[in-house]
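Chain residues, written in single-letter form:
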Amino acid sequence: MLLAVWGFLKRHKKKCFFLGAFLGGVYVLGKYGQKKMKEIQEREAAEYIAQARRQYHFESNQRTCNMTVLSMLPTLRDTLMYQLNSESLTSLLKNKPANKLEIWEELKIISFTRSIVAVYSTCMLVVLLRVQLNIIGGYIYLDNAAVCKNGTTLLAPPEVQQQYLSSIQHLLGDGLTELISVIKKTVQNVFESVSLKHALSLLQLEEKLREIRKVIEHPEDSASEETVPQSQLCHYMMPDEENPLAFQANELTEKDVATIKLLNETRDMLESPDFNRVLTSCLNRGFSRLLDNMAEFFRPTELDICHTGSVNSLSSASLPLAKIIPIINGQIHSVCSETPSHFVQDLLMMEQVKDFAANVYEAFSTPQQLEK
């Protein structure tokens, strides 16, 4: 038997050699294919896990954004009520002073100013924190990934994070004070000639607010409605660029340099067209909600309906300015409410804000950022 097999192999040794080589090649290729397939599967699994981890980190970051906004609203409200103290004026009016008319005129300006400033500052706070926390969130994600891999130096250590995020105090401090001054002057120009007895409809009130917004948001070109140059609005949100660089270069620590880099990246983001569009959308929604809140007080009474014969005459209903003042004065408690009011909830849930936040986080959480 063995001799027969040996004889067969000798007679067909070339064929057997090629057959063996072929089978060996198939075996090696099979093993190589299995190895490559395993590597691809492991890489896909790793990418999926990394994407899921990044998505979870992003969603967690957005919840942090929302909670941070809500936690800062009481401070914003208290600052506004302190700088625009209408309560002291209403207390004076209760005592029926001799200069009653002068106090009413001052109350008119302060009431409109603080509600308008409340809308602007709340919208700015929402969008600015979205930018800051998603920039820093992207860096934190990269830091976590880098430390897991090779323990590299952190891009945003805790001290830098704290120093960077403290810049929000500009909006709550000097920026807010300047914003109040500009808006108060504009309100005076628009409402100064309007008598307290003059009746305004909701549409007329909306037109007055639009007139004020045009001056604030289009300081140089009031005729342009297509684009909103936010340079002036950005000035209220962040200090001037030269301020962080006031130190001599040799006095800056590594942490200072990292913080300045974050601030410059934030400033670039605030000056981008995307940020302009998102902030404008927030302001549109904010002033629309403000008017919706006030519309409840303009609803016609049964007596009005009897006179007009129409139940859908909200646009024609009007109130004397003296009666509108207490209504607009109280809106700050709805606009700057830390318990999710419709006003704040609308801003936090806007799709433009969510999409913009995702784009910011995506830009600062990609590995390419490590190479910069």
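Residues numbered from 1 in each chain as written. Predicted model: local features only at pLDDT ≥ 70, side-chain atom pairs only at ≥ 80, totals over all residues. Heavy atoms only, no water.

Per an unreviewed UniProt entry, the chain goes by Peroxisomal biogenesis factor 3 and derives from Pseudonaja textilis. Of the chain, the UniProt comment under Function (unreviewed entry) reads exactly: "Involved in peroxisome biosynthesis and integrity. Assembles membrane vesicles before the matrix proteins are translocated. As a docking factor for PEX19, is necessary for the import of peroxisomal membrane proteins in the peroxisomes." According to the UniProt record, the Subunit (unreviewed entry) comment for the chain is "Interacts with PEX19." (UniProt positions renumbered as here; feature names shortened; annotations may be inferred.)

### Considering the packing of helix 11 (residues 273–295) against helix 16 (residues 351–364)
At a minimum axis separation of 9 Å, helix 11 and helix 16 run at an interaxial angle of 155°. With respect to each other, helix 11 and helix 16 are oriented roughly antiparallel. The handedness of the crossing between helix 11 and helix 16 is left-handed. Of helix 16, the residues touching helix 11 (which contributes Asp274, Phe275, Val278, Ser281 and Cys282) are Gln352, Val353 and Phe356. Considering only residue class, the contact of helix 11 with helix 16 consists of five nonpolar, two polar and one charged. (Axes fitted to C-alpha atoms, helices over the stretch in contact; angles between N-to-C directions. Helix = DSSP H or I, 4+ residues; strand = E, 2+ residues; numbered from the N terminus. Parallel < 35°, antiparallel > 145°, perpendicular 65-115°, else oblique. Left-handed = near helix turned anticlockwise from the far one by under 90°. Contact = heavy atoms within 4.5 Å. Nonpolar A, V, L, I, M, F, W, Y, C, P; charged D, E, K, R; others polar.)

### Describing the packing of aromatic side chains
This structure, assessed with the given rule, holds four aromatic pairs. Ring geometry for Tyr120 against Phe287: centres 5.5 Å apart, planes inclined by 75°, an arrangement best described as edge-to-face. With Tyr120 in helix 4 (residues 100–150) and Phe287 in helix 11, the pair connects residues that are 167 residues apart, well separated along the chain. A relative accessible area of 0% places Tyr120 in the buried class. (Phe/Tyr/Trp six-rings, centres within 6.5 Å; stacked < 30°, edge-to-face > 60°. Buried < 20%, exposed > 50% of the residue type's maximum accessible area, 1.4 Å probe, protein only.)

### Concerning the nonpolar core
Counting 94 residues, the largest nonpolar core has Tyr120, Phe191 and Met237 as its most contacted members. By residue number, the principal contributor to this core is helix 4, which donates 23 residues. Once residues lying within four places of it in the same chain are set aside, the contact partners of Tyr120 are Leu179, Ile183, Arg213, Ile216, Glu217, Leu233, Leu283 and Phe287. (Core = buried A, V, L, I, M, F, W, Y, C linked by side-chain atoms within 4.5 Å.)

### Topic: the pattern of salt bridges
Applying the stated criterion across every chain, the model contains ten salt bridges. With its nearest N and O atoms 2.8 Å apart, the salt bridge here joins Lys108 to Glu105. One end of the pair is Lys108 and the other is Glu105, both in helix 4 and three residues apart, which spans about a single turn. Judged by relative accessible area, Lys108 falls into the buried class, the value being 0%. Of the charged contacts in the structure, one is a salt bridge between Arg210 and Glu206, with a shortest N-O distance of 3.3 Å. Of this pair, Arg210 and Glu206 both sit in helix 8 (residues 202–217), four residues apart, which is roughly one turn of the helix. (Salt bridge = Lys/Arg side-chain N within 4 Å of Asp/Glu carboxyl O.)

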